[in-house]
Amino acid sequence: MHLTSFSLDNFVSQELSQLTECQAREVADEFPDNQSWLSTFVLSRIIWIPLPKDKAALAFALIRRAEGAVTDYEEARKLLTNFISSEALAKVIN
């Protein structure tokens, strides 16, 4: 199905027809160990950091969400870059 620029901009996403480059910068480089935050926390807690259960549960939840946020952001950035560089956007607009 081919959509016009008007349809894309008004019914899919604002200004989607004007999307030409991904300006989302990489953040994984700023957090080089982000893939191991949760496992490091769990191992540290087992070995030498005694925490009350309620604080450990909160820390676990926050670290899990932060780790997931970095991963999800990088995946979305990669998909957006692929979408822009592929013919997908051109096929939809034309």
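Quick notes on the rules
- Residues numbered from 1 in each chain as written.
- Predicted model: local features only at pLDDT ≥ 70, side-chain atom pairs only at ≥ 80, totals over all residues.
- Heavy atoms only, no water.
- Helix = DSSP H or I, 4+ residues; strand = E, 2+ residues; numbered from the N terminus.
- Rg over C-alpha atoms; globule rule 2.2 N^0.38 Å.
- Contact = heavy atoms within 4.5 Å.
- Areas by Shrake-Rupley, 256 points an atom, 1.4 Å probe, with all protein chains shown as cover.
- Lys, Arg positive; Asp, Glu negative; His and termini not counted.
- Charge placed at Lys NZ, Arg CZ, Asp CG, Glu CD.
- Polar contact = N/O pair within 3.5 Å; in protein donor to acceptor, adjacent residues only side chain to side chain.
- Axes fitted to C-alpha atoms, helices over the stretch in contact; angles between N-to-C directions.
- Parallel < 35°, antiparallel > 145°, perpendicular 65-115°, else oblique.
- Left-handed = near helix turned anticlockwise from the far one by under 90°.
- Expected span 1.5 Å × (residues − 1).
- Patch = residues over 30% accessible without salt bridge, like charges linked within 9 Å, V, L, I, M, F, W, Y side chains within 5 Å.
- Salt bridge = Lys/Arg side-chain N within 4 Å of Asp/Glu carboxyl O.
- Buried < 20%, exposed > 50% of the residue type's maximum accessible area, 1.4 Å probe, protein only.
- pLDDT = per-residue confidence, 0-100.

Description of the overall build of the protein
Item 1. Counting its secondary structure elements, the protein contains four helices and zero strands.
Item 2. N-terminal to C-terminal, the α/β element order of the protein is α-α-α-α.
Item 3. Scaling as 2.2 N^0.38, a compact globule of 94 residues should have a C-alpha radius of gyration of about 12 Å, whereas the protein reaches 20 Å, well beyond that.
Item 4. Each principal axis of the C-alpha distribution contributes one length, and for the protein these read about 60 × 25 × 20 Å.
Item 5. For the protein, the share of sequence-separated contacts (at least 6 apart) that also reach a separation of at least 24 residues comes to 69%.
Item 6. When the accessible surface of the protein is summed, it comes to about 7,300 Å², and 59% of that surface belongs to carbon and sulfur atoms.
Item 7. Side-chain charges in the protein split into 9 positive and 13 negative, and the spacing between the mean points of these groups amounts to 12 Å.

Concerning the side chain of Asn34
Item 1. Tracing the chain through its elements places Asn34 in the loop between helix H1 (5–12) and helix H2 (37–47).
Item 2. At 2.8 Å, the side chain of Asn34 forms a polar contact with the backbone oxygen of Phe31.
Item 3. When near neighbours in sequence (up to four residues on either side) are disregarded, Asn34 contacts Ala28, Glu67, Val70 and Thr71.

Re the packing of H2 against helix H3 (residues 53–85)
Item 1. At their nearest, the axes of H2 and H3 sit 8 Å apart, and the two run at 160° to each other. Our classification of the angle between H2 and H3 gives roughly antiparallel. Read as a crossing pair, H2 and H3 show a hand that is right-handed. Contact residues: H2 offers Trp37, Leu38, Phe41, Val42 and Arg45, while H3 offers Lys53, Ala56, Ala59, Phe60, Ile63, Arg64, Ala66, Glu67 and Val70.

Section: the environment of Phe83
Item 1. Among the structural elements, Phe83 can be located in helix H3.
Item 2. Taking the C-alpha atoms as reference, Phe83 lies 9.7 Å from Glu21; in sequence the two are 62 residues apart.

Quick word on H3
Item 1. Here H3 contains 33 residues, and its C-alpha end-to-end distance of 48 Å stays within 8% of the 48 Å for a straight helix at 1.5 Å per residue.
Item 2. On its buried side, H3 packs onto H2.

Some words on a nonpolar patch on the surface
Item 1. Side chains of Val42, Leu43, Ile46, Ile47, Trp48, Ile49, Leu51 and Phe60 sit close together on the surface and give an oily, nonpolar patch of about 760 Å² of accessible area.
Item 2. If one sorts the elements of the nonpolar patch by residue count, H2 sits on top with four residues.
Item 3. With respect to the helices, strands and loops of the structure, Leu43 is situated in helix H2.
Item 4. The partly exposed category is assigned to Leu43, whose relative accessible area is 48%.

So, the confidence of the model for the protein
Item 1. With 90% of its residues at a pLDDT of 70 or more, the protein has an overall mean of 86.
Item 2. Mean pLDDT per element in the protein: helix H4 (residues 88–93) is the minimum at 58, and H3 is the maximum at 93.

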